[in-house]
Amino acid sequence: MLNQPVDLIFNKSVKGRRGYVNPPVGVDAHAPIPQAFMRKSECNWPEVSELDVVRHFTLLSRLNYSVDTNFYPLGSCTMKYNPRITEKIAQLSGFTDLHPLLPQLLQGEKFTQGALQVLFEMEEWLCEITGMKAFTLQPLAGAHGELAGVMMIAAYHRAKGNKKKYIIVPDAAHGTNPATASIVGYEILSVKTTPQGILDLDDLKSKVNNDVAGLMLTCPDTHGIFHSDIDKIAEIIHAVDGLMYYDGANLNAILGRCRPGDVGFDVMHINIHKTFSAPHGGGGPGSGPVGVSDRLLPFLPISRVIKRADGSFALNYDYPQSVGYISSFYGNFSVLLKAFAYTLILGGDGLKQTSDHAVLNANYIRACLKDYYTVPYDRICMHEVVFSAEKQVARGVHAIDVAKFLIDKGYHPPTVYFPMTVKEAIMVEPTETESKQSIDEFIQVMIKADELSKTAPESFHDMPKTMPISRPDEVKAAKDINTCYRG
Ligand SMILES: *Cc1c(COP(=O)(O)O)cnc(C)c1O
């Protein structure tokens, strides 16, 4: 069947669905290109030898900074090592040779049982890990998952006839939270963080009213601190028929120890490319599955993978209250495959251990550096630790200078100036995959930066010195990327 022309397959077998490949009625697909669009002169392709092309791309690949080359302690981003075995599994031809339209064809389903089973079982794993009722695997990133989740919150309120206006977001939240709520059409109510680094319950109570559609919470949050008041927060939000959204970007800190579904969350996303170890950076590809509690079940995006009574798998589109399509086809299948392999290889105990090690590593760094850098929330942290460079600033050295120093020493800088609740923030996330030796070396370099801020603070100002380009003028860089370099 697959040897037939594509339009034949479509016309014959896709019942009630429009083929993607047929031209609109009345358009002749074989008509010549109009003269106006024809090229007038030869195309000036560059002519280079194979060797020159190989050198060009090899050079580019060596300029690339990655987890495979160096320590990458970028807080909030969870830049951990991605095991090669999961890449291999995602490259198995039984998966890569599948055409994404295959499951929709009349006989296609039988060729895709394995792929559908992976999606079905991944959903089951995620439910087990998080305590949610069901997942959609369709969203393509964390932020996209937020969009799907808040769209479902809106659909829930619409279905109940609720008139809601606001989503509550803590002031320490990742920028995607308020951006998402705003795109879905909500206004944002910001809630303060206490000096202990957690959500201010009094401020929350003063902001909650019947117009509140829900609250978005990251836990542990971007300070690396766990909100032990979640049940109280959930009670306050549920009392006005609001829904609790769990930003799961930091799920890697609590795997096997706490399940968002058990503590009152109604909807959550998981950043597969953070917690479940698929490569990320440079804009993707990612994957942001969204889990829901009973209340939001009817609103999940389509399609959904179902298991029939005879044990076979199929796609089902018949959910009348669904928010509809959130992405084409079935999400980023290859990323989900890597996560599926990762989950199977580690198993329940292994996943729990990754969290234990991530938290231990962050606390080791906190304890070793707390005499050198201010720790604004000086308590046991979770998988990441936030320092402030305020002591160094008194000597004229800012968080950004420390970051540039680290570049010269061969490190990707930690996240700086985020969370915005901490002045001169330096946010370090070591992840569980770094050895003690790598972490000790990093600690020594951080201590050196502090020493240098005492002995030669002015030496920071033209760092990084090892880069082919000089340090950008920060103000000019924001205004004009082409002329921002000082050199
Ligand atoms: C990374 C992150 C996001 C956004 O996720 P993407 O996958 O990058 O779209 C949202 N919230 C938090 C707390 C994050 O760290």
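None of the values given here were measured: they were computed from a predicted structure.

About the thresholds
- Residues numbered from 1 in each chain as written.
- Predicted model: local features only at pLDDT ≥ 70, side-chain atom pairs only at ≥ 80, totals over all residues.
- Heavy atoms only, no water.
- Axes fitted to C-alpha atoms, helices over the stretch in contact; angles between N-to-C directions.
- Helix = DSSP H or I, 4+ residues; strand = E, 2+ residues; numbered from the N terminus.
- Parallel < 35°, antiparallel > 145°, perpendicular 65-115°, else oblique.
- Left-handed = near helix turned anticlockwise from the far one by under 90°.
- Contact = heavy atoms within 4.5 Å.
- Nonpolar A, V, L, I, M, F, W, Y, C, P; charged D, E, K, R; others polar.
- Near = heavy atom within 4 Å.
- Polar contact = N/O pair within 3.5 Å; in protein donor to acceptor, adjacent residues only side chain to side chain.
- Areas by Shrake-Rupley, 256 points an atom, 1.4 Å probe, with all protein chains shown as cover.
- Domains from an automatic or database assignment.
- Buried area = accessible area lost by both parts, 1.4 Å probe.
- Salt bridge = Lys/Arg side-chain N within 4 Å of Asp/Glu carboxyl O.
- Core = buried A, V, L, I, M, F, W, Y, C linked by side-chain atoms within 4.5 Å.
- Buried < 20%, exposed > 50% of the residue type's maximum accessible area, 1.4 Å probe, protein only.
- Arc of directions from axis to C-beta.
- Phe/Tyr/Trp six-rings, centres within 6.5 Å; stacked < 30°, edge-to-face > 60°.
- Lys NZ or Arg CZ within 6 Å of the ring centre and 35° of its normal.
- Pairing = 2+ DSSP bridges.

Draft legend 1. The packing of helix α13 (residues 399-408) against helix α14 (residues 436-455), seen in detail. Packing of α13 against α14 leaves a shortest axis separation of 10 Å and a crossing angle of 125°. As judged from the angle between their axes, α13 and α14 are oblique. Crossing handedness for the pair α13 and α14: right-handed. Contacts between α13 and α14 pair Val402, Phe405 and Leu406 from the former with Phe442, Val445, Met446, Lys448, Ala449 and Leu452 from the latter. Of the residues contributing to the contact of α13 with α14, the split by class is eight nonpolar, no polar and one charged.

Draft legend 2. Inspection of the site of the ligand at higher detail. With respect to spatial proximity, 13 residues lie near the ligand, and among them Ser76, Gly142, Asp247, His273 and Lys274 are the closest. In this structure, alanine 143 approaches the ligand through a main-chain N or O atom, which is 2.8 Å from an oxygen atom. Measuring from an oxygen atom of the ligand, one finds a side-chain N or O atom of histidine 273 at 2.6 Å. Starting from 380 Å² of accessible surface for the ligand in isolation, the protein chains cover 87%. Of all the secondary-structure elements, those providing two or more residues to the shell around the ligand are α6 (142-160) and α10 (272-275). Looking at the shell around the ligand, the element that brings in the most residues is α6, giving three residues.

Draft legend 3. The arrangement of the side chain of glutamate 384 in detail. Along the chain, glutamate 384 turns up in the loop between α11 (333-369) and β10 (385-388). Among all residues touching glutamate 384, those that are not within four sequence positions of it are Gly75, Ser76, Asp221, Thr222, His223, Gly224, Asn250, Ala362, Met427, Val428 and Glu429.

Draft legend 4. Up close: the domain arrangement of the protein. The domain boundaries assigned to the protein delineate domain 1 (93-345) and domain 2 (355-486). Placing the centre of domain 1 and that of domain 2 at their C-alpha centroids yields a distance of 32 Å. Between domain 1 and domain 2, the residue contacts involve 25 residues of the former and 18 residues of the latter. In this assembly, domain 1 packs against domain 2 so that about 1,500 Å² is buried in total across both faces, 54% of it on carbon and sulfur atoms. By the criterion of area lost to domain 2, the three top residues of domain 1 are Thr222, His223 and Asn252, representing 33% of everything that side buries. Scanning the region where domain 1 abuts domain 2 turns up one salt bridge. Here aspartate 356 and arginine 257 are joined by a salt bridge, their closest N and O atoms 3.0 Å apart. At the surface where domain 1 touches domain 2, the tally comes to eight residue pairs in polar contact (both at pLDDT 80 or more). Partitioning the side of domain 1 that touches domain 2 into residue classes produces twelve nonpolar, ten polar and three charged.

Draft legend 5. Fine view of the nonpolar core. In terms of nonpolar packing, the biggest core is built from 59 residues, with Ile168, Leu204, Ile233, Ile272 and Phe276 touching the most fellow members. The contact partners of isoleucine 168, leaving out residues within four places of it in the chain, are Leu189, Val191, Leu204, Val208, Val212, Gly214, Leu215, Met216 and Ile237. Within the second largest apolar cluster, 27 residues are counted, among which are Cys381, Ile426, Phe442 and Ile443.

Draft legend 6. Quick look at helix α9 (residues 230-238). Taken together, the buried positions of α9 are occupied by Ile230, Ile233, Ala234, Ile236 and Ile237. Axial view of α9: buried residues confined to an arc of 160°, hence all on one face. Looking at the buried residues of α9, the elements they touch are β2 (166-170), α8 (201-207), β4 (212-218) and β5 (243-248).

Draft legend 7. Representation of the pattern of salt bridges in the model. Going through the model one piece at a time under the given rule, you end up with 19 salt bridges. The shortest N-O distance in the salt bridge between lysine 454 and aspartate 450 comes to 3.7 Å. Of this pair, lysine 454 and aspartate 450 both sit in helix α14, four residues apart, roughly one helical turn. Taking the relative accessible area as the measure of exposure, lysine 454 reaches 52% and is therefore exposed. Here aspartate 450 falls in the buried class, since its relative accessible area comes to 2%. Residues joined by salt bridges that share partners form a network here, namely Lys160, Asp241, Asp266 and Arg295.

Draft legend 8. Here's a closer look at the packing of aromatic side chains. Taken as a whole and judged by the stated rule, the model has eleven aromatic pairs. Consider the rings of phenylalanine 71 and phenylalanine 442, whose centres lie 5.1 Å apart with planes at 85°: the pair is edge-to-face. With a gap of 371 residues between them, phenylalanine 71 in the loop between α2 (50-63) and α3 (84-90) and phenylalanine 442 in helix α14 connect regions that are remote in the sequence. With respect to class, phenylalanine 71 is no different from phenylalanine 442; both count as buried. By way of ring pairs, the aromatic residues Phe71, Tyr411 and Phe442 are connected into one cluster. It is arginine 304 that lies over the ring of tyrosine 319; its NZ or CZ is 5.4 Å from the centre.

Draft legend 9. Focus on the environment of glycine 410. Topologically, glycine 410 is positioned in the loop between α13 and β11 (415-416). Using a relative accessible area of 28% as the deciding quantity, one classes glycine 410 as partly exposed. Separated by 383 residues in sequence, glycine 410 and valine 27 place their C-alpha atoms 58 Å apart. Leave out the neighbours within four places in its chain, and glycine 410 touches Tyr65 and Asn70.

Draft legend 10. Quick peek at the sheet that holds β4. The strand order β1-β7-β6-β5-β4-β2-β3 describes an open sheet built from seven strands, whose pairing is mixed. Looking at strand neighbours, the two that pair on one side only are β1 (134-136) and β3 (187-191), the edges of this open sheet. Taken over all neighbouring pairs, the strand axes of this sheet differ in orientation by 25° on average, direction set aside. Against the sheet, helix α5 (residues 113-130) makes contact with β1 and β6 (267-270), and its axis sits at roughly 125° relative to β1, the strand it touches most. Lying on the sheet, α9 is in contact with β2, β4 and β5; it crosses β5 at an angle near 140°.

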